[in-house]
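These are the residues of each chain, in order.
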Amino acid sequence: MIAEFGLASLWLAASLAALQLVAAWLGQREGGETLARVVRPAAVVQALLCGLAFLMLLWVFARTDLSVLLVAENSHSEKPMIFKIAGAWGNHEGSMLLWVSIMALAGGLIALIEHRLPERTMLATLGAQAFVGLGFYAFLLFASNPFARLAVPPAEGNGLNPLLQDIGLAMHPPTLYMGYVGLSIAFSFAVGALLTRNVTPEFAKVMRPWILGAWIFLTLGITAGSYWAYYELGWGGWWFWDPVENASLMPWLAATALLHSASVLASRDALRTWTIMLGVIAFSMSMIGTFLVRSGILTSVHAFAVDPTRGSFILALLAINIGGALALFAVRAGTIAEGERFAPLSREGALVINNVALSAVLGIVLLGTLYPLITEAFGLRVSVGPPYFNPVSAVFVFPMLLVLAVGPLLRWRRDRFVRIKAPVVAIAGAGVAVLLVMWLIAGLALLPLLGVSLAAVVAVAAFLPLRGRSLRRLPLPVWGMAIAHFGVAVALFGMSVDTAFTAEKLTAAGVGDTIAVGPWQVRLSAVEPVAGPNWTALQGRLSASYEGGAEHLLTPQSRTFWAPPQTTSESALLTRWNGQLYTVVGGATEDGRWQLRLWWKPFVTFIWFGGALIALGGLLALIGRVTGDVRRRIATRKIAARHAEVAR
Amino acid sequence: MRWLVALLLALSAPAFANDTMPPAPYAYRQLDDPQLEAKAQALMETLRCLTCQSQSIADSDASMAGDMRSEIRERIAAGETPEHIRQWLIGRYGDYISYQPRVTSATWPLFVVPVLLAVLGALIVLHRFRRRA
Amino acid sequence: MKGVRWSLWVLAAFAALVGLFALQLSRPKNDTVQSAMIGQAVPPFALDAAVPERPGLATADLADGTPHLLNVFASWCVPCAAEAPQLAALERQGAPIVAVAVRDRPEDLEVFFQRYGNPFSRVGKDDLSRVQFLIGSAGVPETFVVDGKGVIRHQHIGEIRPEDVPDLLRRLEEARG
């Protein structure tokens, strides 16, 4: 019953999206005012119905209703409840329903909240949102029904992939999707603005908090995903430039550029064309990413059932949505009026360079990710991995970081170098000092060396704009910018130091042996069997002491699940302020010893700490903007009320 | 990040059970000389595992990856250069096995396009400022 | 940054991208790694006997003037069992077949041969995948057609299906010339 109810909700939501689209389209014409008034309520009800459908899916998973095909294929009655629920989105159909639900939710929210733009533009925006949504509804209902039933329910489900039975990864899809799909709002706004020729600072001010929200989630999602891969996969790697990782990075790059561009448009009425283009590109990258991951055309084994028919459907959606938006852009771009002018040495100027650099990195990541596909079309197979991406992206990112250091110090519109000479010298001094120290004393390789030096530069530069200002009365968005930029420096520092100074030990150890790795002494005291809710494991007991200090206990496991049958490695980590000890226990050797893998990774936690700081900076900026906005609206209303009183 | 399922496939792939022989001598054992080991490790991180094709052989638990690691460590200990070993492997399996693309008639765009992007970017910035200033 | 022209370029690039995606979608996904050694001579190697009843395998055995089928297999490999009837058929029709057993114990091989027969004139013991690396074999089962001079002429990846038997026989015949 519940599943049918969910399916019915989904159909209704899709019909409402169709209604929303038709009403938005026809409502633009003369005499269409009645129809136009239907659009916003339609968006809200669509959100409610779609959300209901999603809740129904969660329900059938929580109850392990094995007559639903999806549950039978992906769940198991013995799974812990939290993972039963997370299993709802840990598969293709369920995650597609999550995608559509977030799109509907986003559309409903703007329909409910946004009244600052001319109604025509809002209608066009909601129409665009409905158009994109309809495509995905069709995909769900015709090619990926999450509520399909089984005629004969099995006695037990297939179980959820053990690697997904981890709280971090369970939360990964919702977080990332809030980001990916949240960018659909920016896309719809861009299309709406193009359709109604309304590219103005007001439009950018409206769009900005939505972009920020999506961007914060995307940042968190990527950071969390990197950390998950690091501790779960057992080899201490945190980024591999795998196509699926790149599929999440590309929208983030576009969204970061979009964020900065929209800020310029909002405050200075410049970079209009850039902002619209980036708004289209950001969500396009989300869609391309979804296609790459679900179609299976790239070698990056992803859990979703790979089906060429599904791939073709998504490709068609891609072609229609992105092609349509790009065509619209080509036709209407000429009508976007020129914005305000600015000199090269100005904050706008720095942000133009920022846009260009981020777009270049985006282009490179896209090229490298797709290149094996291109050569395969000609019958040749090549691989493009970290040895390509690391240096080539660094070539664009490192100069961009220098601009990041100086940009926030510049005035809008036109500045003189003389004014910023002192801070620039300070920053340059910090960078050069760190460079020399690291090079002469630590002998770092080129990329980590530059990385650490630039981290020092950006760390100092992030807080320089705060100099000479009253800290208590500083607007939140400025704090947000400083913290986010500082987070970049922290993450870069972590990446560089970990790359340069990781110490690794692979060895076969007998019980009682002590192994040295970096500044640690690690003793294997025992290997014992343990059992969990749906697994058994061999657990190693390790006593680790840092430079002869107190001993700490670590218990890495080699875990065997039975539904589905699989062995995973559960690493044990010990975190200090200056790094992590990473331990993994493998199989037994023939002479009764145990495979141990130990790493000392200095400052590796700074990578994700930096990512969290970046997200925090974004959150502060978002709060600052929204509260500032609310305050302004209240003040405007008060003034209007007072005028009305005076007039009476 | 999502190579998680590479691991899944390696260990539960339907058509291939795993062998029961012990791993190769240097599959899970480092070379005694830390500099040689660092060279070997750097090389292994840039070679693709052919069984679970989303990982490098440094990260893979597949037995073929272990055999390849052992072979590489032994060759490096015997004095071969990492580049020579990479060329040797490309000679057996083609460019697919190396994550570091060579500059060939098929891959030159990979290296030319970033240069073009840099030039294009500079042009955009200059064009923008010439009109604005 | 205005002008319709450059945005048309972007649209054209996107259209090309969609075309590429469509092309790759229409083709079946190919996970196999082809050997790059096709057309080259088998490098020198010498493997001990994997089971007592057959001799070991060395490069000289492959360059003895007659073309051979070289089957890379293992007893723990399920498709290798599936292709056993086809290998038996090939042997019956006069194809000389030699084998490399990858990471296999003699006792497991004995069980395998008892169950599925032994069409090989020689079985080499490759515990460390060395020969696989030498000839560019990336998995099991794979079958190579090697001519009388020891040059690899063809690689068949995956199990040999009944419909592949005539093709392999033909290639073996071509390798004779």
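None of these values were measured; they are calculated from a predicted model.

## Some remarks on the state of the cysteines
Phase 1: Tallied over the entire structure, the rule returns one disulfide over all chains.
Phase 2: Paired through a disulfide, Cys-77 of chain C and Cys-80 of chain C show a sulfur-sulfur distance of 2.3 Å. The chirality of the disulfide connecting Cys-77 of chain C with Cys-80 of chain C is right-handed, given an S-S dihedral of about 90°.
Phase 3: According to the relative accessible area criterion, Cys-77 of chain C is buried, its value standing at 1%.
Phase 4: We classify Cys-80 of chain C as buried; its relative accessible area is 2%.
Phase 5: Cys-52 of chain B forms no disulfide, and the closest cysteine sulfur to it belongs to Cys-49 of chain B, at a distance of 3.7 Å.

## Quick word on the interface of chain B and chain A
Phase 1: Counting residues at the interface gives 52 residues for chain B and 64 residues for chain A.
Phase 2: With both sides pooled, the region where chain B packs onto chain A buries about 5,000 Å², and carbon together with sulfur makes up 66% of that total.
Phase 3: Here chain B and chain A share one salt bridge between them.
Phase 4: In this structure, Asp-61 of chain B engages Arg-597 of chain A in a salt bridge whose closest nitrogen and oxygen atoms are separated by 3.0 Å.
Phase 5: Between chain B and chain A we count 11 residue pairs in polar contact (both at pLDDT 80 or more) in total.
Phase 6: Per-element tally for the side of chain B that touches chain A: the top contributor is helix H5 (residues 108–132) of chain B, with 15 residues.
Phase 7: Here the residues of the side of chain B that touches chain A sort into 29 nonpolar, 13 polar and 10 charged.

## Some details on the sheet that holds strand E3 (residues 68–73) of chain C
Residue and element names in this part refer to chain C.
Phase 1: In space, the five strands of this open sheet follow the order E5-E4-E3-E6-E7, with mixed pairing throughout. This sheet does not close on itself; its edge strands, each paired only once, are strand E5 (122–126) and strand E7 (152–157). The average angle at which neighbouring strand axes cross in this sheet is 20°, direction not considered.
Phase 2: Sheet topology note: the E3/strand E6 (residues 142–146) ladder contains five bridges and is antiparallel. Of the residues in E6, the one forming a bridge with Leu-69 is Val-145.
Phase 3: Of the strands in this sheet, E3, E6 and E7 are in contact with helix H7 (residues 164–176), which crosses E7 at around 170°.

## A short note on unusual backbone geometry
Phase 1: Val-140 of chain C connects to Pro-141 of chain C through a cis peptide bond whose omega is -10°.
Phase 2: One can find Pro-141 of chain C in the loop between helix H6 (130–135) and E6.
Phase 3: Residues other than glycine seldom take positive phi values, yet Trp-241 of chain A does so here, at roughly 55°.
Phase 4: Mapping Trp-241 of chain A onto the fold places it in the loop between helix H8 (201–232) and helix H9 (243–268).

## Overview of the domain arrangement of chain A
All names here are of chain A.
Phase 1: Along its sequence, chain A is organised into domain 1 (1–165), domain 2 (416–501 + 606–618) and domain 3 (503–602).
Phase 2: If you average the C-alpha positions of domain 2 and of domain 3, the two centres end up 35 Å apart.
Phase 3: Between domain 2 and domain 3, the contact holds four residues from the first and five residues from the second.
Phase 4: Our count for the contact surface shared by domain 2 and domain 3 stands at one salt bridge.
Phase 5: Across the pair Asp-498 and Lys-601 runs a salt bridge whose closest N-O atoms are separated by 3.3 Å.
Phase 6: At the boundary of domain 2 with domain 3, the tally comes to two residue pairs in polar contact (both at pLDDT 80 or more).
Phase 7: Among the residues making up the side of domain 2 that touches domain 3, the classes are represented as three nonpolar, no polar and one charged.

## What about the interface of chain C and chain B?
One widely used convention gives an interface's size as the accessible area the parts lose upon coming together.
Phase 1: Listed as interface residues are 27 residues of chain C and, on the opposing side, 28 residues of chain B.
Phase 2: Contact between chain C and chain B buries roughly 2,400 Å² in total, counting both sides, with carbon and sulfur atoms accounting for 55%.
Phase 3: It is Trp-76, Arg-103 and Phe-133 of chain C in chain C that bury the most area against chain B; as a group they hold 32% of the surface buried on that side.
Phase 4: One can count three salt bridges joining chain C with chain B.

## Comments concerning the pattern of salt bridges
Phase 1: Inspection of the entire model under this criterion finds 32 salt bridges over all chains.
Phase 2: Taking the shortest distance from any N to any O, the salt bridge between Arg-73 of chain B and Glu-37 of chain B comes out at 2.9 Å. Of the two residues, Arg-73 of chain B is situated in helix H3 (residues 63–77) and Glu-37 of chain B in helix H2 (residues 34–44); the sequence distance between them amounts to 36 residues. Pair check on accessibility: Arg-73 of chain B and Glu-37 of chain B agree, each one buried.
Phase 3: A salt bridge links Asp-95 of chain B to Arg-102 of chain B; its shortest N-O distance comes to 2.8 Å.
Phase 4: According to the relative accessible area criterion, Arg-102 of chain B is partly exposed, its value standing at 31%.
Phase 5: In the salt-bridge network here, residues are joined through shared partners; they are Glu-114, Arg-116, Asp-629, Arg-632 and Arg-633 of chain A.

## A short note on H9 of chain A
All names here are of chain A.
Phase 1: Between its first and last C-alpha, H9 extends 37 Å over 26 residues, near the 38 Å set by a 1.5 Å rise per residue.
Phase 2: Looking at where H9 begins, the residue whose side-chain oxygen comes 2.9 Å from the main-chain nitrogen of Val-244 is Asp-242.
Phase 3: Asp-269 sits one or two residues past H9 and shows a positive phi near 55°.

## Things to note about the sheet that holds strand E10 (residues 594–602) of chain A
Residues and elements named next belong to chain A.
Phase 1: Spatially, the four strands line up as an open sheet ordered E1-E10-E9-E8, and their pairing is antiparallel. Whereas interior strands pair on both sides, the edge strands pair on one side only; in this sheet they are strand E1 (503–509) and strand E8 (572–576). Ignoring which end each strand starts from, the neighbouring axes of this sheet average 15° apart.
Phase 2: Summarising the sheet, strand E9 (residues 579–588) and E10 pair through eight bridges and their orientation is antiparallel. Note that in E10 the partner of Tyr-582 across the bridge is Trp-599.

## Quick notes on the confidence of the model for chain C
Residues and elements named next belong to chain C.
Phase 1: With 98% of its residues at a pLDDT of 70 or more, chain C shows a mean pLDDT of 91.
Phase 2: For chain C, per-element mean pLDDT is lowest for helix H1 (residues 4–26), which scores 89, and highest for E6, which scores 95.
Phase 3: Note on the complex model: pTM 0.92, ipTM 0.89.

## Describing the nonpolar core
Phase 1: Ranked by internal contacts, the top residues of the largest apolar core, which has 159 residues, are Trp-99 and Phe-189 of chain A together with Phe-21 of chain C.
Phase 2: The dominant element in this core, judged by the number of residues it contributes, is helix H12 (residues 347–377) of chain A, at 16 residues.
Phase 3: Residues within four places of Trp-99 of chain A in sequence aside, it is in contact with Phe-136, Tyr-177, Tyr-180, Val-181, Phe-283, Ser-286, Met-287 and Thr-290 of chain A.
Phase 4: The next biggest cluster of nonpolar side chains, apart from the first, holds 71 residues, and it includes Met-68 and Tyr-96 of chain B together with Leu-70 and Phe-113 of chain C.

## Here's the deal with the packing of H8 of chain A against H9 of chain A
Residue and element names in this part refer to chain A.
Phase 1: Packing of H8 against H9 leaves a shortest axis separation of 9 Å and a crossing angle of 150°. Taken as axis vectors, H8 and H9 run roughly antiparallel relative to one another. Every pair of crossing elements has a handedness; the one defined by H8 and H9 is left-handed. Only Ser-248, Leu-249, Pro-251, Trp-252, Ala-255, Thr-256, Leu-258, Leu-259, Ala-262, Ser-263, Leu-265 and Ala-266 of H9 make contact with H8, whose side of the interface consists of Pro-201, Phe-203, Ala-204, Lys-205, Met-207, Arg-208, Ile-211, Leu-212, Trp-215, Leu-218, Thr-219 and Ile-222.
Phase 2: When the residues that make up the contact of H8 with H9 are grouped by side-chain class, the tally is 18 nonpolar, four polar and two charged.

Definitions and limits used
Residues numbered from 1 in each chain as written. Chains lettered and ligands numbered in written order. Predicted model: local features only at pLDDT ≥ 70, side-chain atom pairs only at ≥ 80, totals over all residues. Heavy atoms only, no water. Disulfide = S-S within 2.5 Å. Buried < 20%, exposed > 50% of the residue type's maximum accessible area, 1.4 Å probe, protein only. Contact = heavy atoms within 4.5 Å. Buried area = accessible area lost by both parts, 1.4 Å probe. Salt bridge = Lys/Arg side-chain N within 4 Å of Asp/Glu carboxyl O. Polar contact = N/O pair within 3.5 Å; in protein donor to acceptor, adjacent residues only side chain to side chain. Helix = DSSP H or I, 4+ residues; strand = E, 2+ residues; numbered from the N terminus. Nonpolar A, V, L, I, M, F, W, Y, C, P; charged D, E, K, R; others polar. Pairing = 2+ DSSP bridges. Axes fitted to C-alpha atoms, helices over the stretch in contact; angles between N-to-C directions. Domains from an automatic or database assignment. Expected span 1.5 Å × (residues − 1). pLDDT = per-residue confidence, 0-100. Core = buried A, V, L, I, M, F, W, Y, C linked by side-chain atoms within 4.5 Å. Parallel < 35°, antiparallel > 145°, perpendicular 65-115°, else oblique. Left-handed = near helix turned anticlockwise from the far one by under 90°.

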